[in-house]
Amino acid sequence: MSCQSIVVGEKSTADLLNRLLLDCGRDCLQAVLPGQEQEKKLVVADSEEMLQWVKGFPRCLAVYSLRDRPELSGLELTTYSLENDSADYTARGLHRTPEGYTAFEIVGTGCIGRVRLQNLPEGGENTILEAASAAVVCGAPFAQVLGCLHKIFC
């Protein structure tokens with residue numbers, strides 16, 4: 001049996017998403033870079049360049065600014081954003097604590113969870129939100145995803 005593929009644009013996102021999927025018991029799913037997919041499950045459109053890969057996918061997780069692109073019509077669409085609260089998944093209250101943690105709330109459809117992460121690379125908030133949203137869209141429990149993030153970035 002082949003794994004279902006989640007196509008993402010960045011290796012760092014693929015690495016984090018694969019860790020989340022494995023830790024959440026979703027080992028039948030695999031995050032890969034474009035062109036490496038097997039059975040198409042989800043494409044993550046984090047840039048206009050990723051729109052060229054959406055064909056043949058039933059679902060798309062897209063950055064909110066791409067939501068109205070014609071390439072995405074006909075797909076089951078979920079959105080995420082660091083800036084726009086109208087997205088399906090958003091990061092709110094993003095700040096650094098005096099102890100050096102990056103803290104924010106991930107707000108999704110019907111769920112909210114706080115993350116407080118250490119050793120987060122510069123600009124890593126987008127990668128966190130993207131990977132966490134993709135894992136939840138693919139069936140991983142939201143609370144379990146948050147718990148895994150805390151283990152990884154403790």
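Our subject is the structure that appears above.
Model, not experiment: these values are computed from the prediction. (Residues numbered from 1 in each chain as written. Predicted model: local features only at pLDDT ≥ 70, side-chain atom pairs only at ≥ 80, totals over all residues. Heavy atoms only, no water.)

S.K.: So what exactly am I meant to see when it comes to the environment of Thr102 here?
M.R.: Within the element layout of this structure, Thr102 appears in strand S7 (residues 102–108). Looking at Thr102, the relative accessible area reads 1%, which means it is buried. Spatially, the C-alpha atoms of Thr102 and Pro121 are 9.8 Å apart, while their sequence positions differ by 19 residues. Discounting chain neighbours no more than four positions away, the residues touching Thr102 are Leu94, His95, Arg96, Val115, Arg116, Leu117, Leu120 and Glu125. Within the local environment of Thr102, its side chain forms a polar contact with the side chain of Arg96, the two groups lying 2.5 Å apart. (Helix = DSSP H or I, 4+ residues; strand = E, 2+ residues; numbered from the N terminus. Buried < 20%, exposed > 50% of the residue type's maximum accessible area, 1.4 Å probe, protein only. Contact = heavy atoms within 4.5 Å. Polar contact = N/O pair within 3.5 Å; in protein donor to acceptor, adjacent residues only side chain to side chain.)

S.K.: Teacher, can you tell me more about the packing of helix H2 (residues 124–137) against helix H3 (residues 142–152) here?
M.R.: Between two packed helices, both the angle of their axes relative to each other and the distance between the axes serve to describe the pair. Look at H2 against H3: their axes get within 9 Å of each other, and the N-to-C directions meet at 145 degrees. For the crossing formed where H2 meets H3, the hand is right-handed. Taken together, the residues of H3 that come into contact with H2 (itself represented by Ile128, Ala132, Ala135 and Val136) are Phe142, Val145 and Leu149. Split into classes, the residues belonging to the contact of H2 with H3 amount to seven nonpolar, no polar and no charged. (Axes fitted to C-alpha atoms, helices over the stretch in contact; angles between N-to-C directions. Left-handed = near helix turned anticlockwise from the far one by under 90°. Nonpolar A, V, L, I, M, F, W, Y, C, P; charged D, E, K, R; others polar.)

S.K.: Help me out: how do you make sense of the pattern of salt bridges in this one?
M.R.: Close approach of charged atoms allows side chains with opposite charge to pair. In the structure shown here, the tally under the stated rule is nine salt bridges. Among the ionic pairs, Arg69 bridges to Glu71, the shortest N-O distance being 3.0 Å. For Arg69, a relative accessible area of 25% corresponds to the partly exposed category. Accessibility expressed as a relative area gives 33% for Glu71, which makes it partly exposed. (Salt bridge = Lys/Arg side-chain N within 4 Å of Asp/Glu carboxyl O.)

S.K.: Please clarify how unusual backbone geometry should be interpreted in this entry.
M.R.: Generally, phi is negative for residues other than glycine and the peptide bonds are trans, each holding for most cases. Here Asn119, not a glycine, exhibits a phi torsion of approximately 60 degrees, which is positive. By secondary structure assignment, the location of Asn119 is in the loop between strand S8 (111–117) and H2.

S.K.: What's the story with the nonpolar core in this structure? I'm lost.
M.R.: General note: in soluble globular proteins, nonpolar side chains tend to be found buried as a group. The biggest cluster of nonpolar side chains holds 52 residues, and the ones touching the most others in it are Ile6, Leu17, Ile106 and Leu149. The residues touching Leu149, leaving out its near neighbours within four places in the chain, are Leu16, Leu20, Ile106, Val115, Leu117, Ile128 and Ala132. (Core = buried A, V, L, I, M, F, W, Y, C linked by side-chain atoms within 4.5 Å.)

S.K.: Would you mind showing me how to read the side chain of Thr90 here?
M.R.: On the secondary structure map, Thr90 appears in strand S6 (residues 89–96). Thr90 sits in the buried class, given a relative accessible area of 1%. The contacts of Thr90, once residues within four sequence positions are left out, are Ser81, Asn84, Asp85, Glu105, Ile106, Val107 and Leu129.

S.K.: Before we go on, may I ask you to explain the packing of aromatic side chains in this structure?
M.R.: Between two aromatic rings, the relevant description is the distance of the centres plus the angle of the planes. Under the definition given, this model contains zero aromatic pairs. For the cation-ring pair, Arg116 lies above Tyr101, with the distance from its terminal atom to the ring centre recorded as 4.1 Å. (Phe/Tyr/Trp six-rings, centres within 6.5 Å; stacked < 30°, edge-to-face > 60°. Lys NZ or Arg CZ within 6 Å of the ring centre and 35° of its normal.)

S.K.: Honestly, the pairing of strand S3 (residues 39–45) in this entry has me stumped. Any pointers?
M.R.: Side-chain direction in a regular strand flips from residue to residue, so the side chains alternate between the two faces of the sheet. As judged from the four bridges shared by strand S1 (residues 4–7) and S3, these two strands associate in the parallel manner. Bridge pairing links Val7 to Val43 in S3. (Pairing = 2+ DSSP bridges.)

S.K.: Looking at this structure, I do not really get the sheet that holds S7. What am I missing?
M.R.: Hydrogen bonds between backbone atoms are what pair the strands of a sheet, whose relative direction is either parallel or antiparallel. The strand order across the open sheet built from eight strands is S2-S1-S3-S4-S5-S6-S7-S8, with neighbouring strands paired in mixed fashion. Lying at the two open borders of the sheet, with one neighbouring strand each, are strand S2 (29–32) and S8. Sheet twist, expressed as the mean angle between neighbouring strand axes with direction ignored, is 20 degrees. Note: S3 against strand S4 (residues 59–63), three bridges, orientation parallel. Looking at S4, one finds that Val43 is bridged to Cys60.

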